[in-house]
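# Understanding the architecture of this molecule
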Amino acid sequence: MPDFPDSQQKLLSAPFFLGLPEAASARATAQMVARSHPADQVILLENDWGNSVYFILSGWVKIRTYNLDGKEVTLNILGFGEMFGEMAPLDQVPRSTDVITLTPSTIGSLPASDFVRLIETEPIAGIHLARLMAKRLRQVNRRLRLREADSTSRVADVLLFLAEGQGIRDSAGFLEIPNLPHRELSSLSGLARETVTRVLGKLERKNLIQRDPHRDVLCIVNPKGLEALMV
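Looking at an unreviewed UniProt entry, one finds the chain named Crp/Fnr family transcriptional regulator, with Tumidithrix elongata BACA0141 as its source organism.

Here's what the structure looks like:
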């Protein structure tokens, strides 16, 4: 592979670009701009127009909207290699959600025109995008099915949802995910923060999860045990 700048090289290792022709990927990412952002910084606002498509090079962001009562609702949490902001340039309408960093993050932005050209000229890129949309739709459907479930099922689902997107196996074989603030898990699950705290404590006592505050990660010790709770 050619000697790309570090940020471009990191972007090309993202799942979306795997299997694409090298020359096409290089053209699509040649104008990428990488910027570092502190935690709690707004990257996109609802109703902005879509001039760029974004990839996470490091850190975590949340996708946020508001319900009819004005309450914040977290729709998704995204980490390294994942993209956001791709829909607005494709259907040429304003953004439909806000995007805010949860941790210090580095975000790469591509001109929307370069991204759309890649989708239009490379069938594999279109397939990757379709698979991403299908994955996100499955996640939404699963969460909708569980919205009337008990609190334990809903917290277990959120943890597995995060592990599906960004879980990393540690040396002991456990799945590591970020130890997110309970307010974020509350927003994702639709439960009160106090309820989330209580359920996490119960899961930890059952040895289904372990929290490591020194590294700010949460380890899923027994994914199948969590799945069994989702009744």
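The rest of the description comes next.
Turning to its location among the elements, aspartate 157 is positioned in helix α6 (residues 151–166). Accessibility expressed as a relative area gives 3% for aspartate 157, which makes it buried. Here aspartate 157 is in contact with Arg142, Arg143, Leu146 and Met230, once residues within four sequence places are set aside.

What follows concerns the UniProt feature "domain: Cyclic nucleotide-binding" (unreviewed entry) in the chain. Within the UniProt annotation, "domain: Cyclic nucleotide-binding" (unreviewed entry) is assigned to residues 16–119. In this annotation, residues 16–119 is assigned 20% helix and 39% strand; the end-to-end C-alpha distance for the span is 11 Å.

The UniProt feature table records "domain: HTH crp-type" (unreviewed entry) at residues 149–224. The span residues 149–224 carries 51% helix and 18% strand; its end-to-end C-alpha distance comes to 18 Å.

What follows covers the packing of aromatic side chains. Within the structure shown, the criterion is met by five aromatic pairs. Between the aromatic rings of phenylalanine 16 and phenylalanine 55, the centroid separation amounts to 6.0 Å while the plane-to-plane angle is 50 degrees, which identifies the pairing as tilted. Linking phenylalanine 16 in the loop between α1 (6–12) and α2 (22–29) with phenylalanine 55 in strand β3 (residues 52–58), this pair joins segments that are 39 residues apart in sequence. A relative accessible area of 6% means that phenylalanine 16 is categorised as buried. Of the residues examined, phenylalanine 55 reaches a relative accessible area of 0% and is grouped as buried.

The next subject is the sheet that holds strand β12 (residues 217–220). With respect to topology, four strands assemble into an open sheet ordered β9-β10-β12-β11, the strand pairing being antiparallel. The open sheet is flanked by β9 (168–169) and β11 (209–212), the only strands paired with a single partner. Across the sheet, α6 is in contact with β9, β10 (175–178), β11 and β12; its angle to β10 comes to roughly 100 degrees.

Conventions used here
Here the residue numbering is sequential within each chain, running from 1 through the sequence in written order. Local features in this predicted model are restricted to residues of pLDDT 70 or higher, and side-chain atom pairs are both shown and tallied only at a pLDDT of 80 or more, whereas totals for entire chains, interfaces and linings draw on every residue. To get the side-chain values, take all heavy atoms of the structure and skip hydrogens and water. Secondary structure is summarised from DSSP: a helix means a run of H or I of at least four residues, a strand means a run of E of at least two, and numbering begins at the N terminus for each. Exposure classes here rest on a 1.4 Å probe applied to the protein chains alone. A residue is buried below 20% of its type maximum, exposed above 50%, and partly exposed in between. Should any heavy atoms of two residues lie within 4.5 Å, those residues are considered in contact. UniProt positions are given in the numbering used here, feature names are shortened, and annotations may be inferred rather than shown by experiment. Here a Phe, Tyr or Trp ring, Trp counted by its six-membered ring, pairs with any other such ring whose centre lies within 6.5 Å, and the pair is stacked when the planes are under 30 degrees apart, edge-to-face when over 60, and tilted otherwise. Only strands that DSSP links by at least two bridges are regarded as paired with each other. In this analysis an axis means a line fitted to C-alpha atoms, helices contributing only their contacting stretch, and an angle means the value between N-to-C directions, from 0 to 180 degrees.

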